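For reference, the chains in residue letters:
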Amino acid sequence: MSARVRIAVVGTGYWGVNHVRAFSRLAAAELVAICDPDPAALARAAQLAPAATQIASFDELLADRRVEAVVLATPAVAHAAQACAALAAGKHVFVEKPMALTPADARAVASAAASSGKTLMVGHLMLYHPGYIRLRELVRGGEIGEVYYLYALRVNLGRLRKDENALWSFAPHDLSMILDLVGALPVSVAARGESYLQPGIEDVVFLNLAFPDRKMAQVQLSWLDPRKERRLTVVGSRKMVELDDVHPTEKLRIYDKGYDRPPAFTQYAEYLTVRHGDIHIPRLEAGEPLDLECRHFLECCATGQPPRTGVQAGADVVEVLDLAQKSLTAGGAPMTLQRA
Ligand SMILES: NC(=O)c1ccc[n+]([C@@H]2O[C@H](COP(=O)([O-])OP(=O)(O)OC[C@H]3O[C@@H](n4cnc5c(N)ncnc54)[C@H](O)[C@@H]3O)[C@@H](O)[C@H]2O)c1
């Protein structure tokens, strides 16, 4: 392993150029190549990384012995096969979300990663968000009490995708946070959606998850909404927390609100008393999620430490997306997770 991780970005479209920008700024990386079959996409990325070799073919890139690690920012349909091929070629892999499009493909990536001994990290960006990291500490440290339920909103009037629906495009962000916070897979998943704009591609999806210990989660996803919202609310027995990624300065709000249960009570109606406590807006660690995510990948490549968003996290999200898609296709019927 060289002192700087020699990296290549594959897929330099809308999102891949952000990886090009991020890795070309990091001292721990040397961006040696960029790869895309589309000459216009490659030319745009080359403006950000003029020293990187421009390669049109993925196979040619894999044969480049300088490249130690690849970032796959290609369309989701290519992720699993490209991840497996890159691992087999001895490269560390950062694969954008979703890691695969089926649980079987996710298992193939997991086994390729295990036999290669290389790093496989999934681009679950929100898990590197300083606001999320603080929220996770509050949940794990018990400050909000028992988690009762969670709900997320990821809506806007946005870029329409032709290759995937709003579920596969947006939900990996919310599911990665929800599964990480709950620490378990749901027992049942239901999703309803409609294709108002493009036939056969759901642009609005309502997703519902039930977990084993009565926890519930709901996610609303849409490209057809008047407001841009990126919110996750966690309601606990002691406190409630809201992560609002659209807010410029107050990304996390901790509400000391809930119902208190007095140790002894005299009348039935006085059993529970509502508590309107303070609202705390903590100061968060500085840092852009993408920059923190890219740094973490380089550190994992250099040290061999397991990534915070590794292959299991990627496979869990794919498992839930797959159930949600089956439910969507069945008009919203709940799907139960079958344990192997
Ligand atoms: N983490 C985030 O917040 C975030 C945001 C947007 C997109 N993404 C993810 O990034 C990925 C790419 O999304 P996008 O919006 O940039 O798509 P895009 O269509 O704009 O770009 C994809 C690029 O990949 C190239 N490509 C296609 N096949 C290729 C191949 N075999 N080898 C090399 N390049 C190939 C295309 O020519 C295109 O330039 C998706 O997985 C998406 O989910 C993540």
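Calculation criteria
Per chain, the residues get numbers from 1 upward, laid out in the order the sequence is written. Predicted model: local features are reported for residues with pLDDT of at least 70 only, side-chain atom pairs are reported and counted for 80 or more only, and whole-chain, interface and lining totals are derived from all residues. In computing side-chain properties, one takes all heavy atoms of the structure into account and sets aside hydrogens as well as water. Cavity and pocket criteria rest on a 1 Å grid covering protein atoms alone: a 1.4 Å probe that fits but cannot get out defines a cavity, protein on both sides within 12 Å along at least 5 of 7 lines defines an open pocket, and an atom within 4 Å of a point defines a lining residue. Grid points are joined across faces, edges and corners, and a volume is the space filled by probe spheres set on the points. Each residue gets one of three labels, nonpolar for Ala, Val, Leu, Ile, Met, Phe, Trp, Tyr, Cys and Pro, charged for Asp, Glu, Lys and Arg, and polar for the others, Gly among them. These domain limits were set by an automatic method or by a database of domain assignments. Helix and strand definitions here come from DSSP, where helices need a minimum of 4 consecutive H or I residues and strands a minimum of 2 consecutive E residues; each element is numbered from the N-terminal end. Note on contacts: a residue pair is in contact if any heavy atoms of the two residues lie within 4.5 Å. What makes a salt bridge here is a side-chain nitrogen of Lys or Arg within 4 Å of a carboxyl oxygen of Asp or Glu, nothing more. Relative accessibility thresholds used throughout: buried, under 20% of the residue-type maximum; exposed, over 50%; partly exposed, between the two (1.4 Å probe, protein chains only). Expected helix span is taken as 1.5 Å per residue step, with the number of steps being one fewer than the number of residues. We call a residue near a molecule or strand whenever a single non-hydrogen atom of that residue lies within 4 Å of it. Think of a polar contact as two N or O atoms within 3.5 Å of one another; within protein, one of them needs to be a possible hydrogen donor and the other a possible acceptor, and neighboring residues in sequence only count if both atoms come from side chains. Note on areas: Shrake-Rupley, 1.4 Å probe, and residue coverage restricted to the protein chains presented here. A molecule is counted as occupying a cavity or pocket when more than half of its atoms fall within 2 Å of that pocket's grid points. Two parts placed together each lose some accessible area under a 1.4 Å probe, and adding up what both lose gives the buried area.

Right, let's talk about the layout of surface pockets for a bit. When its volume is computed, the largest pocket comes out at roughly 1,400 Å³. Lining of the largest pocket is provided by 46 residues; of these, Tyr14, Trp15, Lys97, Arg159 and Arg161 occupy positions nearest its centre. Residues belonging to the lining of the largest pocket are distributed by class as follows: 18 nonpolar, 13 polar and 15 charged. A domain split of the lining of the largest pocket shows at least three residues from each of domain 1 (5–123 + 290–310) and domain 2 (127–288 + 320–336).

Before going further, it helps to spend a moment on the environment of Ala33. In this structure, Ala33 sits in strand β2 (residues 29–35). Setting aside chain neighbours within four positions, we find Ala33 in contact with Ile7, Ala8, Val9, Ala52, Thr53, Ile55 and Leu61.

All chains considered together, the criterion is met by one cavity of 30 Å³ or more. Considering only enclosed or pocket space, the largest cavity measures out at about 40 Å³ in volume. Elements with a contribution of two residues or more to the lining of the largest cavity: β7 (147–155), α7 (166–182) and β11 (229–236). The biggest single contributor to the lining of the largest cavity is β11, with three residues.

Before going further, it helps to examine the pattern of salt bridges. As enumerated under the stated definition, the model contains 18 salt bridges in all. As a salt-bridge pair, Glu137 and Arg134 come within 3.9 Å of each other at their nearest N and O atoms. Residue Glu137 and its partner Arg134 are both found in helix α6 (residues 130–140); the two are separated by three residues, about one turn of the helix. On the basis of relative accessible area, Glu137 is assigned to the partly exposed category, the value being 48%. The salt bridge involving Asp213 is made with Lys215; its shortest N-O contact spans 3.0 Å. The structure contains a network of salt bridges with shared partners spanning Arg227, Glu229, Arg231 and Glu242.

Along an α-helix, residues three or four apart share an orientation, since each turn contains 3.6 residues. Taking 1.5 Å of rise per residue, 15 residues should cover 21 Å, and helix α8 (residues 289–303) covers 21 Å from first to last C-alpha, within 8% of that figure. A positive backbone phi angle near 80° is found at Gly304, which sits one or two residues after α8.

The next point concerns the site of the ligand. Looking at the ligand, there are 22 residues lining it, with Tyr14, Trp15, Asp36, His79 and Lys97 nearest. Between the ligand and Gln82 there is a distance of 3.1 Å, counted from a nitrogen atom to a side-chain nitrogen or oxygen. Within the complex, 81% of the 860 Å² of free accessible area of the ligand lies under protein. When each cavity is represented as a set of grid points, the ligand is found to reside in the largest pocket. A breakdown of the residues in the shell around the ligand according to their chemical character gives nine nonpolar, seven polar and six charged. Counting the residues that make up the shell around the ligand, at least three belong to each of domain 1 (5–123 + 290–310) and domain 2 (127–288 + 320–336).

Taken domain by domain, the protein chain consists of domain 1 (5–123 + 290–310) and domain 2 (127–288 + 320–336). A straight line from the C-alpha centre of domain 1 to that of domain 2 covers 29 Å. Domain 1 puts 16 residues into the contact, and the matching count from domain 2 is 15 residues. Across the domain 1/domain 2 interface, buried area totals approximately 1,300 Å², and carbon plus sulfur atoms make up 64% of it. When the buried surface of domain 1 facing domain 2 is broken down by residue, Lys97, Leu292 and Arg308 rank first, second and third, together holding 40% of it. Scanning the region where domain 1 abuts domain 2 turns up zero salt bridges. Where domain 1 meets domain 2, there are six residue pairs in polar contact (both at pLDDT 80 or more). Counting residues per element, the side of domain 1 that touches domain 2 draws most heavily on α8, which supplies five residues. Classifying every residue of the side of domain 1 that touches domain 2 gives ten nonpolar, two polar and four charged.

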